[in-house]
Each structure stands twice: as C-alpha cells, then as structure tokens.
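# Architecture and fold: a report
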Amino acid sequence: MYVPDIDFLTSDDIPDILRINAESQCSWPEEVIRSDLSDNSSSEITYLGAFASTAEAPLLGYAVLGREKREGLLMALIVDRIYQRRGIGRQLLVAVSDCAMYLKFRRLKLKVRKSNSAAISLYSQMSFVGETVRRGYYSNGEDAVIMSAKLPLKERALN
Ligand SMILES: CC(C)(COP(=O)(O)OP(=O)(O)OC[C@H]1O[C@@H](n2cnc3c(N)ncnc32)[C@H](O)[C@@H]1OP(=O)(O)O)[C@@H](O)C(=O)NCCC(=O)NCCS
C-alpha cells in the first residue's frame, strides 16, 4: 500500500493530468480539464489528486467529482499505471466521499465500461452497486454500467 498526499488540483497540475490520461484508456478531454481548472471557471466540478510525498510531488492519480441533479457524480478516476494496485484508487475514492459529504450529497453515482473489471471490482469493494446498464453508451458501442452508493462510502469486508 502507498499512502499519497491528497489535495485539490489546480491549473498548474494540467501537464501531469494529461500525462496520466495519455497512458489511460479512460482519458478526460483536455479542453474540459482546461476549462474546469481555469481561474474564472464557474463549474461545480472538483478535481482531487494523489501526490507522491517527495520533493517533486508528481501526480500519481486523480478523481473528478461533479453533480447530476441532487447527487454527486464521479466523472473520472485514473491512477498512473506504474502506481496501480497500491491502494491509491481506494484512497482517492475516500477523499471524493468526504468532499461529496461536505457538498451535502447523499449518494454518489458513476458510469463505467462493462468490460472494466478492475474499476468495477474497486467500486463494488467501496459499496457501489450496479443500478442499470446503458446499452451502447460509449463511442465504440460498449455498454455502460451505472453504479451508485450511499454516502459516506464504506469499504466492504472481503470474505
Ligand atoms: C480502476 C483504477 C482507478 C484502480 O486504481 P488502483 O489504485 O489500482 O486501485 P487500488 O489499488 O486502490 O485497488 C483497490 C481494489 O480494487 C480492485 N482492483 C483494482 N485493480 C484491479 C485489477 N486490475 N484487477 C482486479 N481487481 C482490481 C481490487 O479489489 C483492489 O484491492 P486489492 O488490491 O486489495 O485486491 C485503475 O486501475 C485505473 O486507473 N484504471 C484506468 C482508468 C479507469 O479505468 N478508471 C475507471 C473508469 S473511468
């Protein structure tokens, strides 16, 4: 397990976000990131990053929290491939949960590719349950699974 420093992201972190996106299948569009993190952005979107606790503090992963109606929406969660499977995704989700509670959301929703077993496994472990499937949601025709969890997120005990 790796314990990162978790903090809000700013426009200074955009190059690191783009570096992580470039390696991932789940990239968050650059123009959206630039707009969300611009100084005069009026969006209600929160970017949280996991940083290595070294002098250079490179970004190891990030999560994006937005809103859909009265619920929180997890819009992205990506961990640098080299640092995956060290508990960083789980710790980012705990930070997203804290933020979502602060914003008075009661539930958190997300969409994930049906084939993304790593992410679905993490979300299930963090108490998300599949609600529905949206057929052909992604541009390649893949289905999206819509998952939702009551806040605060709670880690399920594994058998
Ligand atoms: C999904 C993702 C964010 C997980 O991040 P991570 O830091 O590797 O996750 P964690 O180390 O916190 O894993 C927590 C648990 O999730 C599950 N999990 C994570 N990666 C897994 C994998 N590759 N295969 C199976 N289970 C996995 C496991 O239950 C794991 O617990 P364990 O390691 O004790 O068995 C990461 O794989 C990723 O960035 N993927 C590419 C982007 C993506 O698909 N994002 C989600 C949809 S937008």
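The sections below set out a description of the structure shown in this document. Treat the numbers as computed from the prediction; the structure is a model and nothing was measured.

Let us look at the overall build of the protein chain. For the protein chain, the count of helices and strands is four helices and seven strands. Ordering the α and β elements of the protein chain from the N terminus gives β-α-α-β-β-β-α-β-α-β-β. Taken along the three principal axes of its C-alpha coordinates, the protein chain extends 40 × 35 × 35 Å. Taken across its 159 residues, the protein chain has 28% of its residues classed as buried. At a minimum sequence separation of 6, the contacts of the protein chain that also span at least 24 residues come to 60%.

What follows covers the sheet that holds strand β3 (residues 59-68). Ordered in space as β1-β2-β3-β4-β5-β7-β6, the seven strands form an open sheet in which the pairing is mixed. Each edge of the open sheet carries a strand with a single partner, namely β1 (5-8) and β6 (129-134). In this sheet, adjacent strand axes meet at a mean angle of 25° when their direction is disregarded. Bridge count for β1 against strand β2 (residues 46-51) is four bridges, and the pairing is antiparallel. What sits directly across from Phe8, in β2, is Leu48. Helix α1 (residues 14-23) contacts β3 and β4 (71-79) of the sheet and is inclined by roughly 95° relative to β3. Strand contacts of helix α3 (residues 88-102): β1, β2, β3, β4 and β5 (107-113), with the helix running at about 35° to β3, the strand carrying the most contacts.

As for its placement among the helices and strands, Ile82 is situated in the loop between β4 and α3. C-beta crowding within 10 Å serves as the criterion here: with 8 such atoms nearby, Ile82 is assigned to the exposed category.

With respect to spatial proximity, 20 residues lie near the ligand, and among them Gln84, Gly89, Arg90, Ala118 and Leu122 are the closest. Those elements that place two or more of their residues in the shell around the ligand are β4, α3 and α4 (117-125). No other element matches α4, which puts five residues into the shell around the ligand. Across the shell around the ligand, the residue classes tally to ten nonpolar, seven polar and three charged.

Turning next to unusual backbone geometry. The residue after Leu151, namely Pro152, is reached through a cis peptide bond having omega -5°. Turning to its location among the elements, Pro152 is positioned in the segment after β7 (144-150). A positive phi is found at Lys69, a non-glycine position, where the angle reads about 55°. Relative to the helices and strands, Lys69 resides in the loop between β3 and β4.

To continue, consider the nonpolar core. Across soluble globular proteins, nonpolar side chains show a tendency to be buried alongside one another. Formed by 34 residues in total, the largest nonpolar core has its most connected members in Leu48, Tyr62, Ala63, Leu74, Leu92 and Val96. Not counting the four nearest positions on each side in its chain, Leu48 is found in contact with Ile6, Phe8, Leu9, Tyr62, Ala63, Leu92, Ala95, Val96 and Cys99.

Glancing now at α3. The terminal C-alpha atoms of α3 lie 21 Å apart, and with 15 residues this matches the ideal 21 Å at 1.5 Å per residue to within 8%. Considered for burial, the residues of α3 that qualify are Ile88, Gly89, Gln91, Leu92, Leu93, Val96, Ser97 and Ala100. Looking at the residues trailing α3, positive phi occurs at Lys104, about 70°.

With respect to the element layout, Arg67 can be found in strand β3. Separated by 44 residues in the primary sequence, Arg67 and Glu23 have C-alpha atoms spaced 26 Å apart. In this structure Arg67 touches Glu44, Gly72 and Leu73, once residues within four positions along its chain are discounted.

Criteria and cut-off values
Residues numbered from 1 in each chain as written. Predicted model: local features only at pLDDT ≥ 70, side-chain atom pairs only at ≥ 80, totals over all residues. Helix = DSSP H or I, 4+ residues; strand = E, 2+ residues; numbered from the N terminus. Buried ≥ 20, exposed ≤ 12 C-beta atoms within 10 Å, placed from the backbone. Contact = placed C-beta atoms within 7 Å. Pairing = 2+ DSSP bridges. Axes fitted to C-alpha atoms, helices over the stretch in contact; angles between N-to-C directions. Near = placed C-beta within 6 Å. Nonpolar A, V, L, I, M, F, W, Y, C, P; charged D, E, K, R; others polar. Core = buried A, V, L, I, M, F, W, Y, C linked by C-beta atoms within 7 Å. Expected span 1.5 Å × (residues − 1).

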